[in-house]
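Tertiary structure, described
Each chain is listed here by its residues.
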Amino acid sequence: MAPSIECKNVRVENEDFALGPVSLSFEPGTISALVGKNGTGKSTFFKLLMNLVSPTEGDITINGQSILGENEAWKQRISYQPQTLKGMDSFTGKELKKLISNYYPTWDEDLFTKMINQFGIPLSKPYGKLSQGVQKQLNLALTIPRDTEVLLLDEPTAHMDIPTKQILMNILVEWMERGDKIMLIASHEIEDIRKLADYLVLFQEGKIVGNYVKEELAAQYKQYWLEHPLSSQPLPGEIARNGDRVIISNHPEKTESFLLTEKQRWLNAEVLDLEEIITIVLNHERKGEPI
């Protein structure tokens with residue numbers, strides 16, 4: 001049975017940071033992107049899912065079974081690639097592969113070899129002697145071929161050049177086609193999010209702003225250039241204004257209905273870029289403004 005992941009009122013607190021409460025679920029066959037500024041809780045959330053950080057309260061389950069006990073056999077069903085690997089500098093790629101592959105019964109040697117060849121990774125060189133970009137590529141080649149049901153990737157394309165990013169995008173798309181997989185990606189790269197994600201989970205200062213269907217969110221925000229100047233009264237759906245003839249709406253139907261009723265023509269209307277939308281949502285949340 002393909003796993004589902006559910007977080008129920010999960011909260012974690014320490015001396016200088018708090019995350020939560022988080023109530024989220026992730027279903028098979030989906031890719032969710034965790035989006036937000038550095039320090040907003042994305043990496044901490046991944047550590048919670050791996051039971052590397054203990055929640056102050058709440059529970060996390062895979063197929064209804066809590067991950068918060070001493071039995072961690074469930075970890076063979078999850079692959080986790082953190083931003084950095086520590087304590088690996090003296091090991092070669094060959095040695096790391098042998099250590100990791102023995103733990104995962106689903107290890108795909110053919111996929112590992114394919115990734116090593118496509119990325120051009122020297123397996124005989126110590127990890128600490130590799131550039132940041134090649135270290136990242138090796139991390140991915142040691143993670144994705146585990147072929148588990150759940151894949152957690154923290155900033156997977158950091159330090160990568162454009163051709164290498166495209167190779168990775170193709171590999172991830174093919175990996176999702178292997179079965180009912182769940183993929184979570186924390187990323188600042190809007191192109192990664194645009195190409196891969198089905199859902200966007202927006203983080204702001206340790207809180208979950210929202211969990212959105214990407215395509216629905218992308219269609220929700222439009223910018224209008226109007227024929228005549230507007231009064232100071234906000235329009236239905238309006239969330240921002242640039243001068244007296246340009247507005248942004250997050251309820252286009254309401255805005256257009258009002259404009260038609262008032263016989264106010266718009267000269268042009270465009271759906272906002274996804275990056276602009278994310279910025280608007282996070283900025284409004286930071287200011288405590290409803291949106």
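Residues numbered from 1 in each chain as written. Predicted model: local features only at pLDDT ≥ 70, side-chain atom pairs only at ≥ 80, totals over all residues. Heavy atoms only, no water.

A word on helix 3 (residues 109-119)
For helix 3, the full list of buried residues reads Leu-111, Phe-112, Met-115, Ile-116 and Phe-119. Relative to the axis of helix 3, the buried residues are bounded by an arc of 135 degrees and lie together on one face. Relative to its buried face, helix 3 has exposed residues pointing more than 90 degrees away, namely Asp-110 and Asn-117. For helix 3, the elements touching its buried residues are helix 2 (93-101), helix 4 (132-141) and helix 5 (162-176). The N-capping residue of helix 3, defined by a side-chain oxygen 3.1 Å from the backbone nitrogen of Asp-110, is Asp-108. With its phi angle positive at about 70 degrees, Gly-120 sits one or two positions after the end of helix 3. (Buried < 20%, exposed > 50% of the residue type's maximum accessible area, 1.4 Å probe, protein only. Helix = DSSP H or I, 4+ residues; strand = E, 2+ residues; numbered from the N terminus. Arc of directions from axis to C-beta. Contact = heavy atoms within 4.5 Å. Polar contact = N/O pair within 3.5 Å; in protein donor to acceptor, adjacent residues only side chain to side chain.)

Some words on the pattern of salt bridges
One pass over the structure, following the stated rule, counts 15 salt bridges. Between Arg-194 and Asp-273 there is a salt bridge; the shortest N-O distance is 2.9 Å. Taken together, the residues Arg-194 in helix 6 (residues 190-196) and Asp-273 in the loop between strand 14 (266-271) and helix 9 (274-286) connect sequence positions 79 residues apart. For Arg-194, a relative accessible area of 29% translates into the label partly exposed. A salt bridge links Arg-241 to Glu-238; the nearest nitrogen and oxygen atoms lie 2.8 Å apart. (Salt bridge = Lys/Arg side-chain N within 4 Å of Asp/Glu carboxyl O.)

Thoughts on helix 4
Judged by how many residues are buried, helix 4 sits mostly within the fold: eight of ten residues are covered. All of the buried residues along helix 4 are Gly-133, Gln-135, Lys-136, Gln-137, Leu-138, Asn-139, Leu-140 and Ala-141. Buried positions along helix 4 lie against strand 6 (78-81), helix 2, helix 3, strand 7 (150-154) and helix 5.

Regarding the nonpolar core
If you look at the biggest cluster of nonpolar residues, it comprises 31 residues, and the most contacted ones within it are Met-115, Leu-138, Ile-144, Leu-168, Leu-172 and Met-183. Looking at this core element by element, the count peaks at six residues for helix 5. With residues near it in sequence (within four places) discarded, Met-183 still touches Thr-30, Ile-31, Ser-32, Leu-151, Leu-172, Trp-175 and Met-176. Listed in part, the 28 residues of the second largest apolar core include Phe-45, Leu-152, Ala-186 and Val-201. (Core = buried A, V, L, I, M, F, W, Y, C linked by side-chain atoms within 4.5 Å.)

Re unusual backbone geometry
Cis geometry marks the peptide bond from Gly-20 to Pro-21; its omega dihedral reads 0 degrees. Considering the arrangement of structural elements, one finds Pro-21 in strand 2 (residues 18-26). The phi torsion at Asp-147 lies on the positive side, around 55 degrees, for a residue other than glycine. Relative to the helices and strands, Asp-147 is located in the loop between helix 4 and strand 7. Residue classification places Asp-147 among the buried positions, given a relative accessible area of 18%.

Section: the pairing of strand 6
Where burial is concerned, the two faces of strand 6 agree: the one with Ile-78 and Tyr-80 and the one with Ser-79 and Gln-81 are both buried. As paired strands, strand 6 and strand 7 are joined by four bridges and run parallel to one another. Paired with Gln-81 across the bridge in strand 7 is Leu-153. (Pairing = 2+ DSSP bridges.)

Considerations on the packing of helix 3 against helix 5
Two quantities define a packed helix pair, namely the angle between the helix axes and the distance between the axes. Contact geometry for helix 3 and helix 5: axes closest at 10 Å, N-to-C directions at 165 degrees. When the axes of helix 3 and helix 5 are compared, the pair comes out roughly antiparallel. The crossing of helix 3 and helix 5 is right-handed. Touching Lys-114, Met-115, Gln-118 and Phe-119 of helix 3 are Thr-164, Ile-167, Leu-168, Ile-171 and Glu-174, all from helix 5. (Axes fitted to C-alpha atoms, helices over the stretch in contact; angles between N-to-C directions. Parallel < 35°, antiparallel > 145°, perpendicular 65-115°, else oblique. Left-handed = near helix turned anticlockwise from the far one by under 90°.)

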